[in-house]
Amino acid sequence: MDGVLRVEEVNALGNEQFVWIFNNIVENYPQVASAICNQCPFTSADHLADAASNYLDLLPIHGKEEVLKLHPDLAGRLADEGKLTKDSLREQKSAGLHNLTPEEKAQIKQLNASYREKFGFPFVICARENKAEAILQGLQTRLHNSHEKELETGINEVKKICRLRVKDLVLS
Ligand SMILES: NC(=O)N[C@H]1NC(=O)NC1=O
């Protein structure tokens, strides 16, 4: 499902339509779409994703933490309850997180809880670029990082997720 709109079509959208279409390029954070819609015309899907990335980079520390907090845990409660956004559901499935063994599931839940307790925001990784095993490995490794390093790493992962979501919506 790569690309539904040509960039010319994106540039012809009104602000409201733009925000409606790109509302979840950052999970549960339509503010990014509102903030970049007046940067039209875009030359490509990557140009639009760059605008979203720049917006995220310019957020103050607290704003970055808030963005991370809007992400559901991987293989967490919302997944168990069928309450993920359709984007997150697809991403988590692509990493094979719906096929974890009970032991792996218990392990990821425990690591997610330790991570959240240490940093105050959830562990975020681009699930489409990783398989379950790499995610578990990443969680274990990243738990040892500093708060500053994880804020930066988490936001970089949000940018990767965002770029792939933009490319789902815009022909590239
Ligand atoms: N916690 C976390 O990383 N969640 C995100 N990752 C991803 O690829 N989609 C998500 O919802």
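Residues numbered from 1 in each chain as written. Predicted model: local features only at pLDDT ≥ 70, side-chain atom pairs only at ≥ 80, totals over all residues. Heavy atoms only, no water.

By the naming in an unreviewed UniProt entry, the protein is 2-oxo-4-hydroxy-4-carboxy-5-ureidoimidazoline decarboxylase, taken from Coptotermes formosanus. Its UniProt record gives the protein a comment under Sequence similarities (unreviewed entry), which states: "Belongs to the OHCU decarboxylase family." Here the protein is described in UniProt, under the heading Subcellular location (unreviewed entry), as follows: "Peroxisome". (UniProt positions renumbered as here; feature names shortened; annotations may be inferred.)

Novice: Describe the overall build of the protein, listing the residues and the values that go with them.
Specialist: In terms of helices and strands, the protein carries ten helices and zero strands. Ordered by position from the N terminus, the helices and strands of the protein form the series α-α-α-α-α-α-α-α-α-α. Taking the principal axes of the C-alpha coordinates as reference, the protein spans close to 50 × 35 × 25 Å. Classification of the 172 residues of the protein by burial places 46% in the buried group. (Helix = DSSP H or I, 4+ residues; strand = E, 2+ residues; numbered from the N terminus. Buried < 20%, exposed > 50% of the residue type's maximum accessible area, 1.4 Å probe, protein only.)

Novice: Tell me about the side chain of Asn-24, and name the residues and values.
Specialist: When you line up the elements, Asn-24 lands in the loop between α2 (15-21) and α3 (31-36). One polar contact links the side chain of Asn-24 to the main-chain amide nitrogen of Asn-28, over a distance of 2.7 Å. The residues contacting Asn-24, other than those within four sequence positions of it, are Tyr-29, Thr-85, Asp-87 and Arg-165. (Polar contact = N/O pair within 3.5 Å; in protein donor to acceptor, adjacent residues only side chain to side chain. Contact = heavy atoms within 4.5 Å.)

Novice: For the site of the ligand, give the residues involved together with the corresponding values.
Specialist: What surrounds the ligand is the set Pro-72, Leu-74, Ser-88, Glu-91, Phe-123, Val-124, Ile-125, Cys-126, Ala-127 and Ile-161. A distance of 2.8 Å is found between a nitrogen atom of the ligand and a backbone nitrogen or oxygen belonging to Ile-125. Measuring from an oxygen atom of the ligand, one finds a backbone N or O atom of Ala-127 at 2.8 Å. Relative to its unbound accessible surface of 290 Å², the ligand loses 100% to contact with the protein. Under a 2 Å grid-point criterion requiring more than half of the atoms, the pocket assigned to the ligand is the largest cavity. Looking at side-chain class alone, the shell around the ligand contains eight nonpolar, one polar and one charged residues. (Near = heavy atom within 4 Å. Areas by Shrake-Rupley, 256 points an atom, 1.4 Å probe, with all protein chains shown as cover. 1 Å grid on protein atoms, 1.4 Å probe; cavity = no way out; pocket = protein on both sides within 12 Å on 5 of 7 lines; lining within 4 Å. Sits in = over half its atoms within 2 Å of the grid points. Nonpolar A, V, L, I, M, F, W, Y, C, P; charged D, E, K, R; others polar.)

Novice: So what's going on with the environment of Leu-84? Residues and values would help.
Specialist: Looking at the element boundaries, Leu-84 is found in the loop between α6 (77-80) and α7 (86-94). Considered as a pair, Leu-84 and Lys-105 are 21 residues apart in the sequence and their alpha carbons are 17 Å apart. Leu-84 has contacts with Pro-72, Leu-78, Ala-79, Leu-89 and Gln-92, leaving out every residue within four places of it along the chain.

Novice: Could you give an account of the pattern of salt bridges, naming the residues involved and the relevant values?
Specialist: In total, this model carries 20 salt bridges according to the counting rule given. A salt bridge links Asp-80 to Lys-105; its shortest N-O distance comes to 2.6 Å. Remark: Lys-105 occurs in helix α8 (residues 102-119) and Asp-80 occurs in helix α6; sequence separation between them is 25 residues. Relative accessible area serves as the criterion here: at 28%, Lys-105 is assigned to the partly exposed category. Residue Asp-168 is joined to Arg-90 by a salt bridge in which the shortest nitrogen-to-oxygen separation is 2.9 Å. Taken together, the residues span a long stretch of sequence, with Asp-168 in helix α10 (residues 147-169) and Arg-90 in helix α7 at a distance of 78 residues. Classification of Asp-168 as buried rests on a relative accessible area of 6%. A single salt-bridge network, built from bridges that share partners, covers Glu-27, Arg-90, Glu-91, Arg-128, Arg-165 and Asp-168. (Salt bridge = Lys/Arg side-chain N within 4 Å of Asp/Glu carboxyl O.)

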